[in-house]
Amino acid sequence: MKRGILLLWMIMLIGLKGQSQSTTGINGKVTDESSKPIYRASVHLLNTAMYEFTDENGLFSFANVPQGKYTIEVSAAGYASMATMMVLSSTGQQLDFKLLPVSMQLESVTVTADKKETLLQKQPSSVTAITAQQLQQYRLWNAKDISGIVPGLYSGNSGDDRNVTSIRGITTTSYDPAVATYIDGVNQFSLDTYIPQLNDIERIEVLRGPQGTLYGRNAMGGVINIITKQPTNNTNGFVELSLGNYRQQRVSAAIRTPIVKDKLFFGASGLFNARKGFYTNEFNNRSFDKQDGFTGNYFLKYLPGDGWSFTLNAKHQNNQNDGAFAMVFGLEDALNNPFKLNQNAVSTMVDNTMNASLSIHRNGTSIDFTSLTAFQNNRRYYNKPLDGDFSPLDGVTIINDYGNKWNNVKVLTQEFRLSSANNKSSKLNWTAGTYLFLQDNPVKQATHYGEDAGMLGAPAINFSTINTSEANNAGIAFFGQLNYALTEKLSLFGGLRYDYEHKSLKVKGEYQNDGDDAVVIRPDTTGKVDFSAFSPKLGLQYQLSANSNVYGSFSRGYRTGGLTQLSSDPSQPPLYPYKPEYSNNFEIGIKNTLLNNKLFINAAAFVTYLTDAQVPTLVLPDAITITRNTGSLNSKGLELELTTKPAKGLQFDYTAGYTDASYKSLKVSSNGQTVDLDGKKQIFTPDLTSMLAAQYSYTVSDKHQLRLIARAEWFYFGEKYFDLANTMKQSPYHLLNTRLGVSSRHAELYFWVRNMGNETYIEYAYDFGAVHLANPRTYGVTLRANF
């Protein structure tokens, strides 16, 4: 694998050698609606590292720009961003931009859904983009908070911050996600290694439907693409403080600055968050799920010239959670006595994650080149035995603190990508590349049975079963995608990806009476398995008018298979292979920009056919998930996104998603018998999501961009289930959020309330009956200073 990476490096560099570039310049001016110059407006040539900022006279200038076709985007604080296409010839280009206040017009939004910067309304697929400004307006602190904002998306966790996400009825049921998460282009490989806290974010893109061609394995439901803010020639940043009930504290800050103008840049952001628990443990009458953590993100970017850019990035998240599984047995007990539990074994989950990457990019005259090398690591353990029976009994506890060697996931990934140069005026645009990965996942965990274990059906008391597993995975993929203009208005797009993966799993089982040495009951046993898959995509896009286009597509999704872990249940043999899961997705959609950029209307309809469904069974008390292939699932639905600014300062956002996801065949084993679950609904999938947000901004002073802002949000989530038999159900519910405050060029002050009606509802539940509630009503104040 390592030799293969070196060989690919040589091939890529040889292909780039000798590319000469004929360059010229771009000059321009940015003004407001009264023709007054706008200072420090950002001007960016999409798909390049070229950024400039206007001076006091609103002037900007780019030198040594390769000739060709570009999209240029202009943005400034308080103004609606805009983008336009241009063809740069040998004589250069003079461009003038007039920006309208953001209170009067919707902004142009750039996305990287096809791993190139493209305008959202031109993208032939279902993509929701949440901008930096919208992240603040929605008060999004965690990736799961996008539930309902994105049509057909639901995300939640059991209190351990491992978000389980469902899009269009395709949901995560194991540590191999069905919805992939990327942060700054790096695939967050599993539920262990991704960072859900949001800070200093440029935008979040959510791609709905299979994205296997460009994003590969485990993107069968879609992709959550998180892009953080990058350093440029403009020194800027912020400091923010939020305080709320439950002793909520959130302190964040960021700075981005040039070290050497046009050459070397630095960026850093940090976030400290803490709160007391939402739950009270009646066993000791103390707060149960108190949490605190620190998250950091650091950039060093170097532009040596000739189209090259090098970006070194490091991210980390260090959390402590005094009650990672705040759960109660039974729906009625959880809902009738909310946020109360009774557990005798209390521990702290220490959860440390680190991501590092090196991105190398070159814009050439014929070919653009990208290399992205990344390393991810997560160490997660409980500092004391964790309650495994969720009760005051001395029954079952979980132990996994066996030193730094164990429960320490490491992942190395490498992506090489070549694409047609973005500045070329051509009917054909293409992207091709390869992706490689290595994963090491050593796990050691003991299940201890205490004095009261007999009351839970254990055959003895005061003993432990110790399960050890060492998983090693490696894979390689080759992919290609193209877009070809058949006519001036009709274009064909398609792609193909081949994935190969090798997995090995070594397991060992031990038995240990308290005070005695452990005895091996299952010696080291190793299983190996290989998987491969083709993921095609094909579609057409037609431009109805300058501001409207329709598209239709077929795409295939793929989630990798695996080997089952070792459990204490003799009916579940370890190293049992389960096959990959596949889906075929058909989609049609339309995108409209109307009323001079004052109205966006996007709509889509989809049908998904899923085969070889990976059905999980949680084995207790080990907390091990056993996965089997059984049955098929069909999912169909409609999605709508609408954004409008009907009057100055007034904006409405509305999204809706209808999803009908049900199993067409599903046979599962239960207590030695086969249970027919044909027709049952998919888990973690609301049949309807709906969101309406209304915001009014009143301008007090244009000079200082002083505004009074009032905002209200209404969410509706339809019926959803948490077990395949559909016996554990959350009925439909509504949520109300609000935000009031004042904003100026350099400071903001807001008061906010989330879940204003204090709605009690289930966020997450296991099929054996353990229930975790979503957050109660929270409120607070946020003060932010921008520079």
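Let us look at the structure shown here. (Residues numbered from 1 in each chain as written. Predicted model: local features only at pLDDT ≥ 70, side-chain atom pairs only at ≥ 80, totals over all residues. Heavy atoms only, no water.)

### Notes on a negative patch on the surface
Part 1 of the reasoning: Together, Asp 394, Glu 451, Asp 514, Asp 516 and Asp 517 make up a negatively charged patch on the protein surface.
Part 2 of the reasoning: If you trace the backbone, Asp 514 turns up in the loop between strand 34 (490-513) and strand 35 (519-545). (Patch = residues over 30% accessible without salt bridge, like charges linked within 9 Å, V, L, I, M, F, W, Y side chains within 5 Å. Areas by Shrake-Rupley, 256 points an atom, 1.4 Å probe, with all protein chains shown as cover. Salt bridge = Lys/Arg side-chain N within 4 Å of Asp/Glu carboxyl O. Lys, Arg positive; Asp, Glu negative; His and termini not counted. Charge placed at Lys NZ, Arg CZ, Asp CG, Glu CD. Helix = DSSP H or I, 4+ residues; strand = E, 2+ residues; numbered from the N terminus.)

### Let's talk about the environment of Asp 452
Part 1 of the reasoning: Secondary-structure assignment places Asp 452 in the loop between strand 32 (428-449) and strand 33 (463-485).
Part 2 of the reasoning: By relative accessible area, which is 24% here, Asp 452 ends up partly exposed.
Part 3 of the reasoning: Sequence separation between Asp 452 and Pro 392 is 60 residues; the distance between their C-alpha atoms is 9.8 Å.
Part 4 of the reasoning: Beyond its immediate sequence surroundings of up to four residues, Asp 452 is in contact with Leu 393, Asp 394 and Gly 395. (Buried < 20%, exposed > 50% of the residue type's maximum accessible area, 1.4 Å probe, protein only. Contact = heavy atoms within 4.5 Å.)

### Thoughts on the sheet that holds strand 53 (residues 762-765)
Part 1 of the reasoning: Reading across from one edge, 25-54-53 is the order of the 3 strands in this open sheet, with antiparallel pairing throughout. With partners counted over all chains shown, the strands left at the sheet margins are strand 25 (328-329) and strand 53, one partner each.
Part 2 of the reasoning: Summarising the sheet, strand 53 and strand 54 (residues 770-773) pair through 3 bridges and their orientation is antiparallel. The partner of Ile 762 across the bridge, within strand 54, is Leu 773. (Pairing = 2+ DSSP bridges.)

### Things to note about the sheet that holds strand 12 (residues 164-167)
Part 1 of the reasoning: Strands sit in the order 11-12-13 across an open sheet of 3 strands; the sheet is antiparallel. Whereas interior strands pair on both sides, the edge strands pair on one side only; in this sheet they are strand 11 (153-156) and strand 13 (170-171).
Part 2 of the reasoning: Pairing analysis gives 2 bridges linking strand 12 to strand 13, with the strands arranged antiparallel. The partner of Ser 166 across the bridge, within strand 13, is Thr 171.

### Observations concerning the nonpolar core
Part 1 of the reasoning: Counting 41 residues, the largest nonpolar core has Tyr 279, Phe 325, Met 327, Leu 666, Leu 724, Val 771 and Leu 773 as its most contacted members.
Part 2 of the reasoning: Counting residues per element, the ones that place at least two in this core are strand 44 (650-665), strand 53 and strand 54.
Part 3 of the reasoning: Those residues in contact with Leu 724, other than ones at most four positions away along the chain, are Val 615, Tyr 663, Leu 666, Leu 677, Lys 680 and Ile 683.
Part 4 of the reasoning: Listed in part, the 27 residues of the second largest apolar core include Ile 226, Leu 735, Tyr 761 and Ala 774. (Core = buried A, V, L, I, M, F, W, Y, C linked by side-chain atoms within 4.5 Å.)

### Quick word on the environment of Asn 441
Part 1 of the reasoning: Its place among the elements puts Asn 441 in strand 32.
Part 2 of the reasoning: Along the backbone, Asn 441 and Asn 407 are 34 residues apart, and their C-alpha atoms lie at a distance of 7.0 Å.
Part 3 of the reasoning: Apart from residues lying up to four places away in sequence, Asn 441 is in contact with Val 409, Ser 469, Glu 470 and Ala 471.

### A few points about the packing of aromatic side chains
Part 1 of the reasoning: A full pass over the atoms with the stated rule returns 28 aromatic pairs.
Part 2 of the reasoning: Summarising the aromatic geometry, the rings of Phe 554 and Phe 586 are spaced 5.1 Å apart at their centres and angled 45 degrees between planes, so their arrangement reads as tilted. Residue Phe 554 is located in strand 36 (residues 548-559), and its partner Phe 586 is located in strand 39 (residues 581-594); the two are separated by 32 residues in the primary sequence.
Part 3 of the reasoning: Owing to a relative accessible area of 23%, Phe 554 belongs among the partly exposed residues under this scheme.
Part 4 of the reasoning: By relative accessible area, which is 42% here, Phe 586 ends up partly exposed.
Part 5 of the reasoning: The rings of Phe 329, Phe 390, Phe 684, Phe 722, Tyr 764, Tyr 766 and Phe 768 are connected pair by pair, giving a single aromatic cluster.
Part 6 of the reasoning: The ring of Trp 752 carries the charged tip of Arg 139 above its face, separated from the ring centre by 4.6 Å.
Part 7 of the reasoning: Its end group placed over the ring of Phe 238, Arg 784 keeps NZ or CZ at 3.9 Å from the ring centre. (Phe/Tyr/Trp six-rings, centres within 6.5 Å; stacked < 30°, edge-to-face > 60°. Lys NZ or Arg CZ within 6 Å of the ring centre and 35° of its normal.)

### Considerations on unusual backbone geometry
Part 1 of the reasoning: Look at Asn 64: it is not a glycine, yet its phi comes out positive at around 55 degrees.
Part 2 of the reasoning: Residue position: Asn 64 is located in strand 4 (residues 59-66).
Part 3 of the reasoning: In the Ramachandran plot, Asn 597 falls in the positive-phi region, its phi being about 65 degrees despite a non-glycine side chain.
Part 4 of the reasoning: Given a relative accessible area of 26%, Asn 597 falls into the partly exposed group.

### Details of the side chain of Asn 313
Part 1 of the reasoning: Along the polypeptide, Asn 313 turns up in strand 24 (residues 308-322).
Part 2 of the reasoning: Among the polar contacts listed, one links the side chain of Asn 313 to the side chain of Asn 297, at a separation of 2.8 Å.
Part 3 of the reasoning: Only 2.4 Å separates the side chain of Asn 313 from the side chain of Lys 315, close enough to count as a polar contact.
Part 4 of the reasoning: Residues in contact with Asn 313, not counting those within four places in the same chain, are Asp 184, Asn 297, Tyr 298, Phe 299, Asn 355, Ala 356 and Ser 357. (Polar contact = N/O pair within 3.5 Å; in protein donor to acceptor, adjacent residues only side chain to side chain.)

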